[in-house]
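Overview (structure and organization)
As a plain string of letters, each chain reads:
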2 protein chains.
Amino acid sequence: MDLDFTNITTIGFDADDTLWVNETYFRRAEDEFAGLLEDFETKNTVDQELFKMEMRNLDLYGYGIKGFMLSMIESALELSNQRVSQQTIGRILQIGKDMIAHRLELLDGVEEVLSSLHGKYRLLVLTKGDLLDQERKLEKSGLMDYFHHVEVLSDKKESNYSRLLEHLEIPVEEFLMVGNSLKSDVLPILNIGARAVHVPFHTTWAHEQVDPSEHYNSHLTLGNLRELLKYVNG
Amino acid sequence: MDLDFTNITTIGFDADDTLWVNETYFRRAEDEFAGLLEDFETKNTVDQELFKMEMRNLDLYGYGIKGFMLSMIESALELSNQRVSQQTIGRILQIGKDMIAHRLELLDGVEEVLSSLHGKYRLLVLTKGDLLDQERKLEKSGLMDYFHHVEVLSDKKESNYSRLLEHLEIPVEEFLMVGNSLKSDVLPILNIGARAVHVPFHTTWAHEQVDPSEHYNSHLTLGNLRELLKYVNG
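Residues numbered from 1 in each chain as written. Chains lettered and ligands numbered in written order. Predicted model: local features only at pLDDT ≥ 70, side-chain atom pairs only at ≥ 80, totals over all residues. Heavy atoms only, no water.

1. Here we look at the pairing of strand S4 (residues 175-179) of chain B
Residue and element names in this part refer to chain B. With five of five residues buried, S4 is to be regarded as a mostly interior element. Every second residue of S4 is oriented toward a common face, with Phe175, Met177 and Gly179 on one face and Leu176 and Val178 on the other, all of them buried. Where strand S1 (residues 10-13) and S4 come together, four bridges link them in parallel fashion. The residue bridging Thr10 from the neighbouring strand is Phe175, located in S4. Inspection of the sheet shows S4 paired to strand S5 (residues 195-198) by four bridges, in the parallel sense. Its bridge partner lying in S5, Val178 is registered against Val197. You can see the chain leave S4, run along helix H8 (residues 182-191) and come back into S5, and the turn it takes is right-handed. (Buried < 20%, exposed > 50% of the residue type's maximum accessible area, 1.4 Å probe, protein only. Helix = DSSP H or I, 4+ residues; strand = E, 2+ residues; numbered from the N terminus. Pairing = 2+ DSSP bridges. Right-handed = clockwise from strand over helix to strand, strands pointing away.)

2. Topic: the interface of chain A and chain B
In this assembly, 38 residues from chain A lie in contact with 38 residues from chain B. Taken together, both faces of the contact between chain A and chain B bury some 3000 Å²; the carbon and sulfur share is 62%. Interface area lost by chain A to chain B is led by Leu60, Lys66 and Gln86 of chain A, which between them contribute 20%. The interface formed by chain A and chain B holds two salt bridges in total. For the interface between chain A and chain B, the tally reads 16 residue pairs in polar contact (both at pLDDT 80 or more). The element best represented in the side of chain A that touches chain B is helix H4 (residues 86-101) of chain A, accounting for eight residues. Here the side of chain A that touches chain B is composed, by residue class, of 18 nonpolar, twelve polar and eight charged. (Contact = heavy atoms within 4.5 Å. Buried area = accessible area lost by both parts, 1.4 Å probe. Salt bridge = Lys/Arg side-chain N within 4 Å of Asp/Glu carboxyl O. Polar contact = N/O pair within 3.5 Å; in protein donor to acceptor, adjacent residues only side chain to side chain. Nonpolar A, V, L, I, M, F, W, Y, C, P; charged D, E, K, R; others polar.)

3. A word on helix H5 (residues 110-117) of chain A
All names here are of chain A. Looking at H5, one finds that the buried residues are Val110, Val113, Leu114 and Leu117. For H5, the angular spread of the buried residues around the axis is 95°, confining them to a single face. Once H5 finishes, Gly119 follows within two positions and takes phi at roughly 95°, a positive value. (Arc of directions from axis to C-beta.)

4. Regarding the nonpolar core
Phe33 and Ile73 of chain A together with Phe33 and Ile73 of chain B are the most contacted members of the largest nonpolar core, which has 48 residues in total. Secondary-structure elements contributing two or more residues to this core are helix H1 (23-36), helix H2 (43-61), helix H3 (65-79) and H4 of chain A together with helix H1 (23-36), helix H2 (43-61), helix H3 (65-79) and helix H4 (86-101) of chain B. Each residue touching Ile73 of chain A, except ones within four places of it in the same chain, is listed here: Ile89, Ile92 and Leu93 of chain A together with Leu70, Ile73, Ile89 and Leu93 of chain B. (Core = buried A, V, L, I, M, F, W, Y, C linked by side-chain atoms within 4.5 Å.)

5. As for the environment of Ile65 of chain B
Residue and element names in this part refer to chain B. Of note, Ile65 is situated in helix H3. For Ile65, a relative accessible area of 6% gives the class buried. In this structure the C-alpha to C-alpha distance between Ile65 and Met177, which are 112 residues apart in sequence, comes to 24 Å. For Ile65, the contacting residues outside a window of four places in its chain are Phe26, Gly96, Met99, Ile100 and Asp133.

6. With respect to the sheet that holds S1 of chain B
Pairing is parallel across the open sheet formed by six strands, whose spatial order is S3-S2-S1-S4-S5-S6 (chain B). Strand pairing shows two members of the sheet lacking a second neighbour, strand S3 (149-153) and strand S6 (220-221) of chain B, which therefore form its edges.

7. With respect to the packing of aromatic side chains
Residue and element names in this part refer to chain A. With the rule as written, the count across this model stands at eight aromatic pairs over all chains. Taking 6.4 Å as the distance between ring centres and 70° as the angle between the ring planes, the aromatic pair formed by Phe13 and Phe147 counts as edge-to-face. Separated by 134 residues along the polypeptide, Phe13 in strand S1 (residues 10-13) and Phe147 in the loop between helix H6 (131-141) and strand S3 (149-153) bring together distant segments of the chain. Taken together, a centroid distance of 6.4 Å and an interplanar angle of 90° make the contact between Phe51 and Trp205 edge-to-face. Pair noted here: Phe51 is in helix H2 and Trp205 is in the loop between strand S5 (195-198) and strand S6 (220-221), with a separation of 154 residues, a long-range link. Among the residues examined, Trp205 registers a relative accessible area of 14% and is labelled buried. An aromatic cluster is present here, built from Phe51, Tyr63 and Trp205 joined pairwise through their rings. Positioned above the aromatic ring of Tyr63 is the side chain of Lys128, whose terminal nitrogen or guanidinium carbon lies 3.9 Å from the ring centre. (Phe/Tyr/Trp six-rings, centres within 6.5 Å; stacked < 30°, edge-to-face > 60°. Lys NZ or Arg CZ within 6 Å of the ring centre and 35° of its normal.)

Limitation: the analysis is restricted to geometry and does not speak to function.
Structure below.
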């Protein structure tokens with residue numbers, strides 16, 4: 001495991017669940033959604049069917065809250081055999097709107113880490129999801145001034161990262177990615193020859209979970225973003 | 001009116017209704033939506049109320065089909081006093097999914113114009129709306145190779161354009177924007193000191209219509225994209 005980060009000139013940060021809380025709000029929304037459908041199905045079935053619906057719609061809708069809202073509505077119709085009430089549909093719309101408008105909660109250490117790296121590295125935000133929603137969160141975060149560039153990607157596969165580094169003229173050997181998702185922030189980055197640090201968040205969306213049998217290069221995992229300062233020149 | 005485009009090095013194209021048909025599908029969807037609600041309200045009222053709902057939700061949802069779907073559902077609940085059937089809600093979801101999956105229809109002259117400008121100018125796509133949806137349309141269009149850079153913006157105000165030109169290091173006096181929307185593609189561009197050509201599409205969304213009393217600098221309007229080749233070095 002290469003822990004010598006002296007070559008690094010550019011550090012990319014994932015946003016949701018790396019800089020600020022996100023997944024927690026989805027979990028809460030799923031809990032409320034299951035409560036709305038408790039006359040029809042168990043929470044366990046509702047959770048599973050909603051997840052399947054999201055996966056079925058992922059190619060069409062992509063990531064983000066609006067697609068999640070549409071999948072909740074479609075699931076509610078399907079799970080209830082079209083018997084879910086109109087009031088419940090209205091309530092689902094409201095759950096989603098509340099998620100979009102939710103106040104932003106920065107994760108521990110974020111401000112400290114960014115302010116101590118600022119000026120020493122080119123700092124980027126590389127996030128996926130809904131463009132407007134991510135721009136709004138960044139605005140609310142008050143972190144904009146720390147970043148040289150913000151890119152909202154439609155997905156975080158190897159090709160998305162390669163294209164972006166090429167476009168920004170960043171050599172892979174100078175790039176370090178920091179994020180909470182092994183699947184989106186770490187593995188594709190290691191596969192293109194750049195380096196990545198994993199900072200797990202306590203909750204991971206099922207879609208972001210990695211098959212434990214998958215082989216990958218070793219990488220550094222941190223308990224808290226603040227520990228990053230021990231490895232790079234903060 | 002300055003028709004001397006000899007300084008121009010970079011041409012930005014809007015996408016929806018400039019490179020390919022878009023608004024037509026929204027109009028068709030609105031017609032079908034009004035048909036679904038004909039037991040409750042006249043087409044005229046449905047159209048007006050849906051538009052108001054879209055405007056009310058625009059800050060939350062931004063542009064694009066998913067927000068349009070969510071606004072149709074919310075309008076259907078409101079216009080029917082919560083009496084719209086579950087089957088109709090399901091049908092609204094399907095209208096939106098069909099829009100997302102619709103085959104792409106290039107506008108007349110697009111391929112010819114791009115291929116004759118390619119190599120002589122830096123060509124950009126500057127579009128707003130849903131990131132995934134716009135990427136997918138560009139992919140389907142087969143036009144990708146003509147473009148040096150594609151940017152999906154959350155909005156097309158002066159500040160969005162200024163930031164982008166600065167980021168791409170394009171001097172305003174070298175930039176020409178081409179698009180169908182006076183409000184989004186022409187006026188903000190003229191206001192930042194760059195140049196713009198208007199190529200109207202036969203249908204314009206009410207939100208993109210400009211108050212005729214608004215004053216603005218004169219600009220060139222073309223009947224067809226192909227005529228652009230008479231003014232730039234095609």
